[in-house]
Amino acid sequence: MSVAFLENLPNWVLFIIFPAGSWLVLGFLTLLFRAAAKPLGFDDIDSDILDTATQNVMSGAYVVLGFVLVLVMATANDIDSNISKEASQIESLDRLLVMEGSPAAQIARQTLLAYTKSIVSDEWKGLSGGPRNQKTRVYADKLFANLRAIEPISIRQVALFMDVIKTGDDIAQYRNLRMMNSQSRLPSLFWQLSYLTLLGVIIISALRLLRPSSIRIFALAVQLAMISWLFATVMILDLPYLGQVKTSPEAFEKAIELILARH
């Protein structure tokens, strides 16, 4: 099952697939090991060694996945923060253009509004990994051309023009940062290693079930479910523009409302 396929599944499906898949593999390997126990010498197992191996592998998996979960949560928070800052700069630029008051500034305001609307309606849905939206890019280029066309006359307009240029530059930087963040995710090597780690946990658990008991089966099933859910959570948070907990364009929508209120 490829990561690309899993990325497009709803979150609740991931929380079902991972533990259910782990339990199915555990059951298959348990039956396989029981059938091959005598030929392979598995019938004389050392419970102490298996208990130690189970504890070490489980602990290692929890530590690694927990550490990575903290990293992806921090990245998701940074993405939300940068988006809020970008939307705030857009709203600030509109306010500066209102105060500047020239006809060129009013033209730039109209382009700024169209650009912000395009972020929400055209560009946002493509941030999950697709190419940059050309329509939004055209609006961005037109906006900066409009800003350069402003020719301040009074001392007040000159002072405001300096702030306009700086704010426009900040918007461009936050846009580029948003684009780069949309392509940022954990490397495939991590997922390959995680799959192998999960498989190792399942193999050791299957060996533990060569001598099953109700308590042992329940405990191993719960442990596998916890690791699987942690694994699924890391995958969900590593994709900030996909799924039910994806980053929302709400900050831009609020900026649009504020801009429209000034018209």
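This text goes with the structure placed above it.
How each quantity is defined
Residues numbered from 1 in each chain as written. Predicted model: local features only at pLDDT ≥ 70, side-chain atom pairs only at ≥ 80, totals over all residues. Heavy atoms only, no water. Salt bridge = Lys/Arg side-chain N within 4 Å of Asp/Glu carboxyl O. Helix = DSSP H or I, 4+ residues; strand = E, 2+ residues; numbered from the N terminus. Buried < 20%, exposed > 50% of the residue type's maximum accessible area, 1.4 Å probe, protein only. Axes fitted to C-alpha atoms, helices over the stretch in contact; angles between N-to-C directions. Parallel < 35°, antiparallel > 145°, perpendicular 65-115°, else oblique. Left-handed = near helix turned anticlockwise from the far one by under 90°. Contact = heavy atoms within 4.5 Å. Nonpolar A, V, L, I, M, F, W, Y, C, P; charged D, E, K, R; others polar. Phe/Tyr/Trp six-rings, centres within 6.5 Å; stacked < 30°, edge-to-face > 60°. Core = buried A, V, L, I, M, F, W, Y, C linked by side-chain atoms within 4.5 Å.

## With respect to the pattern of salt bridges
Thought 1: Scanning the model with the defined rule gives 11 salt bridges in all.
Thought 2: Here R178 ties to E86 by a salt bridge, and the two come within 2.8 Å at their closest N and O atoms. Here E86 lies in helix α4 (residues 47-100) and R178 lies in helix α7 (residues 155-183), a separation of 92 residues in the sequence. Considered together, R178 and E86 belong to a single accessibility category, that of buried residues.
Thought 3: We note a salt bridge from D141 to R137, for which the minimum N-O separation is 3.6 Å. In this pair, D141 and R137 are both assigned in helix α6 (residues 134-148), 4 residues apart and thus about one turn of the helix distant.
Thought 4: Residue classification places R137 among the partly exposed positions, given a relative accessible area of 31%.
Thought 5: One network of salt bridges, with partners in common, ties together E91, D94, R95, R109 and R262.

## Quick notes on the packing of helix α2 (residues 11-35) against helix α9 (residues 214-237)
Thought 1: Here α2 crosses α9 at 140 degrees, and the two axes come no closer than 9 Å. One way to sum up the angle between α2 and α9 is to call them oblique. For α2 against α9, the interelement crossing comes out right-handed. The segment α2 lies against α9, with N11, L14, F15, F18, P19, S22, W23 and L26 engaging A221, L224, A225, S228, W229, F231, A232, T233, M235 and I236.
Thought 2: Across the contact of α2 with α9, the residue classes tally to 14 nonpolar, 4 polar and no charged.

## Focus: the packing of aromatic side chains
Thought 1: Applying the stated criterion across every chain yields a total of 3 aromatic pairs.
Thought 2: Arranged with centres 5.0 Å apart and planes meeting at 65 degrees, the rings of F18 and F231 form a pair that is edge-to-face. Taken as a pair, F18 in helix α2 and F231 in helix α9 lie far apart in primary sequence, 213 residues in all.
Thought 3: In this structure F18 comes out as buried when scored by relative accessible area, which is 7%.
Thought 4: Look at Y195 and F231: their rings are 5.5 Å apart centre to centre, the planes differ by 45 degrees, and that puts the pair in the tilted class. Linking Y195 in helix α8 (residues 188-208) with F231 in helix α9, this pair joins segments that are 36 residues apart in sequence.

## With respect to the environment of D51
Thought 1: Assignment of secondary structure puts D51 in helix α4.
Thought 2: Classification of D51 as partly exposed rests on a relative accessible area of 35%.
Thought 3: Each C-alpha atom of the pair D51 and S205 lies 9.4 Å from the other, and the pair is 154 residues apart in sequence.

## Thoughts on the packing of α8 against α9
For any two helices packed against each other, one specifies the inter-axial angle together with the distance between the axes.
Thought 1: α9 packs onto α8 with a crossing angle of 175 degrees between their chain directions and a minimal axis gap of 10 Å. The orientation of α8 relative to α9 falls into the category roughly antiparallel. Where α8 abuts α9, its residues F190, W191, S194, Y195, L198, V201, I202, S205 and R208 lie against R216, L220, L224, I227, S228, F231, V234 and M235.
Thought 2: In the contact of α8 with α9, the residues fall into 12 nonpolar, 3 polar and 2 charged.

## A few points about the nonpolar core
Thought 1: Of all hydrophobic cores here, the largest spans 33 residues; its most connected members are L14, L186, F190, W191, I227 and V234.
Thought 2: Those elements that place two or more of their residues in this core are α2, α4, α8 and α9.

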